[in-house]
Amino acid sequence: MRNNKPNILFIMADQLRADYLGCKGHPTLSTPHIDALARRGVNFTRAYCQAPVCGPSRMSFYTGRYAISHGASYNNVPLRVDERTLGDHLRPEGYRVALVGKTHMRRDVDGMQRLGLDPDTSRGVLVSQCGFEPFERDDGLHPDQSADPDLPYNRYLREQGYEGDNPWHSAANSAEDENGEVLSGWYMRNAHLPARVREEHSETAYTTNRAMDFISEAGDSPWCLHLSYIKPHWPYLAPAPYHAMYGPDDILPAARSDLERESPHPVLGAFMQHPESREFSRDEVRERVIPTYMGLVTQLDDHIGRLVAFLEAQGQLDNTLIVLTSDHGDYLGDHWLGEKEMFHEPSVRIPMIVVDPRHEADSTRGSVSERLVEAIDLVPTFVDTAGGDSLALDHVLEGRSLLPLVTGSRVEAWRQYAFSEADYAWRPARVALDLPTDEARAFMVTDGRWKYVHYQHHRPQLFDLATDPQELTDVAGDAHHTDTLERLEQALQGWALERRRRITVSNRRVTEQTGSAHKRGYLFGVW
């Protein structure tokens, strides 16, 4: 029997910049299949992650809550056992909620032990896996030989004839020189070489295959699949032919100025001293790595095209809501920085494409929306798609459902600001700045035109995205912008005071019981 609720395909690519897609304006990068999704849905061009690092960003995606609320502020900081996630909200609506790929979630071991939750039980597995059924979890391995040889992708590679305990490293993320010597993909000098793995056996191909396996197994019952690709996240190494698809002439000039490096903000100056920033400041590194990064994006695009064709062949495409996004971006040398973590657009802005196959969304197909959108908006969007009521969860969820924007419904008031935050306690920058571990924090607020960044113990920054889209000129010290600076400071303070703390009682229940104490027999204050 045909499922009368739409399936949900929640695709996330790790470290995919918002501007590295054809439909986002990249002039040389080919992404025809993702561009086709944008033509079928709504392309949100001002979407922001809640923390530009894998772990906290994903925990915000999965809980619908800001990092300051859920507390998992950096990689490997456990998500508290009491935090409800996407699966907790969708399973009561009859959905099977599964994962193929990465979550970067660490379970709350202490919390589970305190509550007597066994991680090997059915409930314990869900709590341990961020609320997902782990159809296949793969967070990426390590280059040494300590990786679990029995992880499914390693077993798969050995079945295909690749030798060793960790062929994820020695085959999928390593190359060879002209003498047959194995070269690690962790060294960016090797990024121009093809991976030792055949493309059809690569991680992106394998992850797509496993997604197809899940969809085939799920049948006609409603499902939500979080398909979470590791690439184009480092190691920057692509299989042939994608390793040679682009060259230095295809890359964009670095968005950076000499003044940024000569007179940097103290926090950014400390980040510029990290090894990844020093390397990506060199043109030689950018010209070798970025073409491979682009090749990985095109490979991802090809497999998304393969997956969409599979959905259509299975008769599922017209009954599947598809979202494509990423957890954060990648500096790639912009602003003399590598990696992510800070709040320039290459790091904090993310792609967000929503394709709703239902007739209610016909009026918005192929449209571009400049509304401010946040990662935390997806959980309420999925709840409403499943037939639930996200407004009934407004004491917990801090995002807003995107369905009114996707269906073209009239929206009286949308958000005025988007927010993001960083906890860089684990990074060398904190040590260089001589900050205590609990005071290396930064917060961003943008209204779409202006971007304000607050740093603990350091001066703020202010950028005008309209006149300075590359964020090369910090105008926080300009007296002409005092009013804007104060307005955004107040917006950030107001946001911090409005976080959802009372999550055990709904706002509806509070409303129903307001002023009813006497009716309920509590006769205080009566003469």
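Above: the structure in question.
This report concerns the structure included in the present document. Bear in mind that the values here come from a model prediction, so they are computed numbers and not experimental data.

**Observations concerning the overall build of the protein chain**
Piece 1. A count of helical and extended segments in the protein chain gives 19 helices and 14 strands.
Piece 2. Its C-alpha atoms give the protein chain a radius of gyration of 23 Å, within 12% of the compact-globule value 24 Å for 527 residues.
Piece 3. Relative to its full complement of 527 residues, the protein chain shows a buried share of 59%.
Piece 4. Contacts spanning at least 24 positions in sequence make up 72% of the contacts within the protein chain whose residues lie at least 6 apart.

**Topic: the sheet that holds strand β9 (residues 349–355)**
Piece 1. An order of β4-β3-β7-β1-β8-β9-β2-β10 is seen for the eight strands of this open sheet, with the pairing classed as mixed. The two strands at the open ends of the sheet, each matched to only one other strand, are β4 (133–137) and β10 (367–374). For this sheet, the mean inter-axis angle between neighbouring strands, taken without regard to orientation, is 20°.
Piece 2. With four bridges connecting them, strand β8 (residues 320–326) and β9 associate as antiparallel partners. Opposite Val323, over in β9, you have Val354 as the bridge partner.
Piece 3. Against the sheet, helix α1 (residues 32–40) engages β2 (42–48), β8 and β9, with an angle of about 60° to β9.
Piece 4. Packing of helix α2 (residues 54–63) onto the sheet brings it into contact with β1 (7–14), β7 (223–232), β8 and β9, and relative to β1 it is tilted by some 165°.

**Details of the nonpolar core**
Piece 1. Counting 66 residues, the largest nonpolar core has Leu90 and Met352 as its most contacted members.
Piece 2. For this core, the element with the most residues is helix α11 (residues 266–272), which contributes five residues.
Piece 3. Apart from the residues lying within four places of it in its own chain, the contact partners of Met352 are Lys24, Val42, Asn43, Phe44, Ala47, Phe61, Val323, Leu324, Thr325, Val373, Glu374 and Leu378.
Piece 4. Counting residues in hydrophobic clusters, the runner-up holds 45 residues, among them Val100, Val285, Ile290 and Val355.

**What about the state of the cysteines?**
Piece 1. In total, this model carries zero disulfides according to the counting rule given.
Piece 2. No disulfide involves Cys23; its sulfur sits 18 Å from the nearest other cysteine sulfur, which is in Cys49.
Piece 3. Looking at Cys49, the relative accessible area reads 0%, which means it is buried.

**Details of α1**
Piece 1. Within α1, burial applies to Ile34, Asp35, Leu37 and Ala38. Buried positions in α1, seen along its axis, are confined to an arc of 150° and lie on one side of it.

**Description of helix α7 (residues 152–159)**
Piece 1. If you check which residues of α7 are buried, you get Tyr153, Asn154, Tyr156 and Leu157. One side of α7 carries all its buried residues, which in axial view fall inside an arc of 160°.
Piece 2. Looking one or two places after α7, you find Gly161, whose phi comes out positive at around 105°.

**Here we look at the packing of aromatic side chains**
Piece 1. The tally for this structure, following the rule as stated, stands at 20 aromatic pairs.
Piece 2. Each member of the aromatic cluster is reached from another via a ring pair, and the members are Tyr66, Tyr417, Phe419, Phe443 and Trp495.
Piece 3. Of note, Arg256 hangs over the ring of Trp336, and the distance from its end group to the ring centre comes to 4.2 Å.
Piece 4. The ring of Trp336 has Arg261 lying over it, and the distance from NZ or CZ to the ring centre is 3.7 Å.

**Here we look at the sheet that holds strand β11 (residues 418–423)**
Piece 1. The four strands lie next to each other as β11-β12-β13-β14, forming an open sheet whose pairing is antiparallel. Two strands bound the open sheet, and with one partner strand each, they are β11 and β14 (458–464). Neighbour to neighbour, the strand axes of the sheet diverge by 15° on average, direction disregarded.
Piece 2. As judged from the five bridges shared by strand β13 (residues 450–455) and β14, these two strands associate in the antiparallel manner. Paired with Tyr452 across the bridge in β14 is Leu462.
Piece 3. Along the sheet, helix α18 (residues 482–497) makes contact with β11, β12 (441–446), β13 and β14, crossing β13 at roughly 65°.

**As for the packing of helix α9 (residues 203–218) against helix α13 (residues 283–313)**
Piece 1. Packing of α9 against α13 brings their axes to within 10 Å, and their N-to-C directions diverge by 15°. In terms of axis orientation, α9 runs roughly parallel to α13. Viewed along their axes, α9 and α13 form a crossing whose handedness is right-handed. Taking contact as the criterion, the partners of Thr204, Ala205, Thr208, Asn209, Ala211, Met212, Ile215 and Ser216 in α9 are, on α13, Gln299, Leu300, His303, Arg306, Leu307, Phe310 and Leu311.
Piece 2. Grouping the amino acids of the contact of α9 with α13 by side-chain chemistry returns eight nonpolar, six polar and one charged.

**Quick notes on the pattern of salt bridges**
Piece 1. This model, assessed by the stated rule, comprises 37 salt bridges.
Piece 2. Between Asp14 and Lys102 there is a salt bridge, and its shortest N-O distance comes to 2.4 Å. A residue pair is termed long-range when its members are at least 10 positions apart, and Asp14 in strand β1 and Lys102 in the loop between β3 (96–101) and α5 (109–115) qualify at 88 residues. Per residue, the accessibility class of Asp14 equals that of Lys102, and both read buried.
Piece 3. For the salt bridge of Glu412 with Arg410, the shortest nitrogen-to-oxygen distance reads 3.2 Å. Both residues of the pair, Glu412 and Arg410, belong to the exposed class.
Piece 4. Salt bridges sharing partners connect three or more residues here, namely Asp14, Arg58, Lys102 and Asp327.

Here is what the cut-offs are and how they apply
- Residues numbered from 1 in each chain as written.
- Predicted model: local features only at pLDDT ≥ 70, side-chain atom pairs only at ≥ 80, totals over all residues.
- Heavy atoms only, no water.
- Helix = DSSP H or I, 4+ residues; strand = E, 2+ residues; numbered from the N terminus.
- Rg over C-alpha atoms; globule rule 2.2 N^0.38 Å.
- Buried < 20%, exposed > 50% of the residue type's maximum accessible area, 1.4 Å probe, protein only.
- Contact = heavy atoms within 4.5 Å.
- Pairing = 2+ DSSP bridges.
- Axes fitted to C-alpha atoms, helices over the stretch in contact; angles between N-to-C directions.
- Core = buried A, V, L, I, M, F, W, Y, C linked by side-chain atoms within 4.5 Å.
- Disulfide = S-S within 2.5 Å.
- Arc of directions from axis to C-beta.
- Phe/Tyr/Trp six-rings, centres within 6.5 Å; stacked < 30°, edge-to-face > 60°.
- Lys NZ or Arg CZ within 6 Å of the ring centre and 35° of its normal.
- Parallel < 35°, antiparallel > 145°, perpendicular 65-115°, else oblique.
- Left-handed = near helix turned anticlockwise from the far one by under 90°.
- Nonpolar A, V, L, I, M, F, W, Y, C, P; charged D, E, K, R; others polar.
- Salt bridge = Lys/Arg side-chain N within 4 Å of Asp/Glu carboxyl O.

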